Amino acid sequence: METITIATAKQLKERFLNVRSQTSKLTKPLKPEDYVVQPVVDVSPPKWHLAHTTWFFEQFVLLNFDKDYCVYDKDYSYLFNSYYETVGTRVLRADRGNLTRPGTHEIMKYRTYVDEGMCAFFDQNEELEDNVCKIIELGLQHEQQHQELLVTDIKYILGHNPLFPVYKENLQNTNGVSQVIGGEYKEIDEGVYSIGHADDDFHFDNEKGRHKVYLHAFRYLNRLITNGEYLEFIEAGGYQDFRYWFMEAWEWVKTEGINAPLYWFKIENDWYHYKLSGFQKVDLYEPVTHISMFEADAFANWKGKRLLTEFEWEVACKQGSPQINKNANFVETEHYHPITRQKEDSQLFGDTWEWTGSAYQPYPYYQRAEGALGEYNGKFMINQKVLRGGSCATPADHIRHTYRNFFHPHLRWQFTGIRLAESI
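Since the structure is predicted, the reported quantities are computational estimates derived from the model, not experimental observations.

Any chance you could explain the sheet that holds strand β7 (residues 264-267) here in plain terms?
To summarise the sheet geometry, strands pair through backbone hydrogen bonds and adopt either a parallel or an antiparallel arrangement. Here we have three strands laid out as an open sheet, ordered β7-β8-β9, and antiparallel in their pairing. Because the sheet does not close on itself, it has two edges, and the strands there are β7 and β9 (278-281). Ignoring which end each strand starts from, the neighbouring axes of this sheet average 30 degrees apart. As defined by bridge partners, β7 adjoins strand β8 (residues 270-275) across four bridges and the pair is classed as antiparallel. The partner of Phe 265 across the bridge, within β8, is Tyr 272.

Below, the structure written as structure tokens:
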């Protein structure tokens, strides 16, 4: 069995502590009552995120590889298992908001208990087998996914409070750049391109199966669509014209009474929206966000364009942004909102996840892993659309060119946006 060195184990411990502390940092601005709320099924209470990410390390690392570890509470696997059928029964997702007990203070004690167990595990093992390191790294990447979910779920919770409370005072909601929009269409030649992850560094199993695809020539806009551009669609009657919408999307618009992005409100003649920094007038130069794939596609149709496929996006990103821009807007900037682009930034990373026109399907040669961890991605490969690029809520070291996010096309509580493309 391949092993890692003691120094590498120490680095893994340091990374573990950094990731765990970032999760705690994101919840510190909350009031006690904020931790328990679940307004809709897609949003989990912050308390549940804190417990679930802790349970992951207890369940898949400590209980499997530390013979001296004592489980904190035997009921927690039932309470905080998300979807792992292999592990056992669990509380239904829609019922997570009913978990007023155990209290938040008890969940904090649980996190401390498991963190101490993990630190002892690192310290007591001079060598860690390669498969253990991979599971720990998966747990850290999993927690970073939940950090993003924490930001978006907290925004949904506070953004549906009638008082629109501020998440955190003095947030920096600008990059110091004013009204730098511009933009042009970049061309990509037709040809055969390699898609998927090829290196040995961390990646999820849904990125595996590196393969060739043929792409026709296309061009893409080297920036995201702005609030001002989307407002033109609204004022042109885009939400009232069935011609731009999929049939299912049109039924969604009518049934749900959709007439603007999530968190947008028209007061007299002006549009306002909720940010984590408070209720503010819509900035026309910022990227539009909290857009469903239905809306993104309708806007593209209205403009006479289309969305990129996920393969086109990956090729365009590798050519147009081979390195992640050091000024990209990720969660570490603490904007917690998309910002006006800088001239040199095509916004292919950060700001908003970009809807693609591609269904979430397995790559050629994809193989689902055995056991509970094999449930991580494969079983969701139906009825969902792929998003690329990360957002202002994504940790900077969590994203890459081949990362595949996925959601149902009507969802918009995540920081999701629009990039236009067209065939040549």
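Help me understand the UniProt feature "domain: DinB-like" (unreviewed entry) in the protein chain, please; the structure alone is not making it clear to me.
Within this numbering scheme, the UniProt entry marks residues 18-148 as carrying the feature "domain: DinB-like" (unreviewed entry). Between the C-alpha atoms that bound residues 18-148 the distance is 15 Å, and the span itself is 57% helix and 2% strand.

What's the story with the nonpolar core in this structure? I'm lost.
Among soluble globular proteins, nonpolar side chains are generally buried collectively. By size, the foremost hydrophobic cluster in this structure holds 110 residues, and its most contacted members are Phe 80, Met 118, Ile 136, Tyr 230, Trp 245, Leu 276 and Ile 418. Top contributing element to this core by residue count: helix α5 (residues 130-159), with 12 residues. If we skip the residues at most four places from it in the chain, Leu 276 touches Val 151, Ile 154, Lys 155, Leu 158, Val 166, Tyr 167, Lys 168, Leu 171 and Tyr 336.

So what exactly am I meant to see when it comes to the pairing of β8 here?
Each regular strand displays side chains that alternate between the two surfaces of the sheet. Joining the antiparallel neighbours β7 and β8 is a turn of two residues, in which Glu 268 adopts a positive phi near 55 degrees. Linkage of β8 to β9, two consecutive antiparallel strands, is achieved through a turn of two residues.

Would you take a moment to explain the packing of aromatic side chains for this structure?
Describing an aromatic ring pair means giving the distance of the ring centres and the angle of the ring planes. Evaluation of the coordinates by the stated rule reveals 41 aromatic pairs. On the numbers, 5.7 Å between centres and 45 degrees between planes, the contact of Tyr 72 with Tyr 76 is tilted. For Tyr 76, a relative accessible area of 3% puts it in the buried group. Ring geometry for Phe 233 versus Trp 245: centroids 6.3 Å apart, planes at 45 degrees, classification tilted. Of this pair, Phe 233 sits in helix α6 (residues 227-235) while Trp 245 sits in the loop between α6 and α7 (247-256); the two residues are 12 residues apart in sequence, bridging distant segments of the chain. Using a relative accessible area of 0% as the deciding quantity, one classes Phe 233 as buried. Grouping aromatic residues by their ring pairs yields a cluster made of Phe 16, Trp 55, Phe 56, Phe 57, Phe 60, Tyr 84, Phe 121 and Phe 122. Between the NZ or CZ atom of Arg 96 and the centre of the ring of Trp 48, over which it lies, the distance is 3.6 Å. We note Lys 305 situated over the ring of Tyr 185; from NZ or CZ to the ring centre the distance is 4.9 Å.

The rules behind these values
- Residues numbered from 1 in each chain as written.
- Predicted model: local features only at pLDDT ≥ 70, side-chain atom pairs only at ≥ 80, totals over all residues.
- Heavy atoms only, no water.
- Pairing = 2+ DSSP bridges.
- Helix = DSSP H or I, 4+ residues; strand = E, 2+ residues; numbered from the N terminus.
- Axes fitted to C-alpha atoms, helices over the stretch in contact; angles between N-to-C directions.
- UniProt positions renumbered as here; feature names shortened; annotations may be inferred.
- Core = buried A, V, L, I, M, F, W, Y, C linked by side-chain atoms within 4.5 Å.
- Buried < 20%, exposed > 50% of the residue type's maximum accessible area, 1.4 Å probe, protein only.
- Contact = heavy atoms within 4.5 Å.
- Phe/Tyr/Trp six-rings, centres within 6.5 Å; stacked < 30°, edge-to-face > 60°.
- Lys NZ or Arg CZ within 6 Å of the ring centre and 35° of its normal.

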